[in-house]
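Residue strings, one per chain:
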Amino acid sequence: AQTVTQSQPEMSVQEAETVTLSCTYDTSESNYYLFWYKQPPSRQMILVIRQEAYKQQNATENRFSVNFQKAAKSFSLKISDSQLGDTAMYFCAFYNNNDMRFGAGTRLTVKP
Amino acid sequence: KAGVTQTPRYLIKTRGQQVTLSCSPISGHRSVSWYQQTPGQGLQFLFEYFSETQRNKGNFPGRFSGRQFSNSRSEMNVSTLELGDSALYLCASSLGVFGGDQETQYFGPGTRLLVL
């Protein structure tokens, strides 16, 4: 079965600085999707960024980018120029063949 | 365009009762997925519906069931409630079957269920 591991339960970063959240996963599949979701204190989950495993190019969305290392089964999220509104729980997720798995989450606090 | 809505937002039930939660997807979206979020187990996939058909189901007992109507609205039902069913239940919708290229899930605010 697929598993997703986020080894950093909590992290903090100063406003305007850069932070990287880690995620590793375990699968024997070659085709899958990876996601980072953000869940702010208000609880509504939103998609931050997605990566298709067959694409070698790392996905980027404005200040958010990923470092996808397929061989190492690693999918880290880099947040540049951190803003107070980035304070949230961040979940890494894996999807393949109708199976969706989430990591335990990383609580990120951006400090002014 | 209105987002995903879930009703009720909060619910208190007692053990042994049954509960029905509702999810209205974004207009035009045909796929609805349900997730359970608890402090202990984290986020877990419950099931996904597309065009009134359950496409897949997570590792949950038969007490958890769902359905989808022709207007894409979905309900999930939990029978014989247990204390461990206390959780935030999230619903998410997408245009097509989740997992396709460029498909994005949009989440609702969730229904918080407390079982006493």
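The following refers to the structure shown.

Basis of the calculations
- Residues numbered from 1 in each chain as written.
- Chains lettered and ligands numbered in written order.
- Predicted model: local features only at pLDDT ≥ 70, side-chain atom pairs only at ≥ 80, totals over all residues.
- Heavy atoms only, no water.
- Disulfide = S-S within 2.5 Å.
- Helix = DSSP H or I, 4+ residues; strand = E, 2+ residues; numbered from the N terminus.
- Buried < 20%, exposed > 50% of the residue type's maximum accessible area, 1.4 Å probe, protein only.
- Salt bridge = Lys/Arg side-chain N within 4 Å of Asp/Glu carboxyl O.

This part covers the state of the cysteines. Residue and element names in this part refer to chain A. For the structure on display, the rule yields two disulfides over all chains. A sulfur-sulfur distance of 2.0 Å marks the disulfide that ties Cys 23 to Cys 92. When the S-S torsion is -70°, as for the bridge of Cys 23 with Cys 92, the disulfide is left-handed. Of this pair, Cys 23 sits in the loop between strand S3 (19-21) and strand S4 (24-26) while Cys 92 sits in strand S10 (residues 88-96); the two residues are 69 residues apart in sequence, bridging distant segments of the chain. According to the relative accessible area criterion, Cys 23 is buried, its value standing at 1%. The class of Cys 92 is buried, set by a relative accessible area of 1%.

This part covers the pattern of salt bridges. All names here are of chain A. Under the definition given, this model contains ten salt bridges over all chains. Its salt-bridge partner being Arg 63, residue Asp 86 comes within 2.9 Å of it at the nearest N-O pair. Separated by 23 residues along the polypeptide, Asp 86 in the loop between strand S9 (74-79) and S10 and Arg 63 in the loop between strand S7 (60-61) and strand S8 (64-69) bring together distant segments of the chain. Side by side, Asp 86 and Arg 63 carry an identical accessibility label, which is buried. Asp 99 is the partner of Arg 101 in a salt bridge, and the nearest nitrogen-oxygen pair spans 3.0 Å. Taking relative accessible area as the criterion, Arg 101 reaches 33% and is therefore assigned partly exposed. According to the relative accessible area criterion, Asp 99 is buried, its value standing at 18%.

Nothing here speaks to function; it is all geometry.
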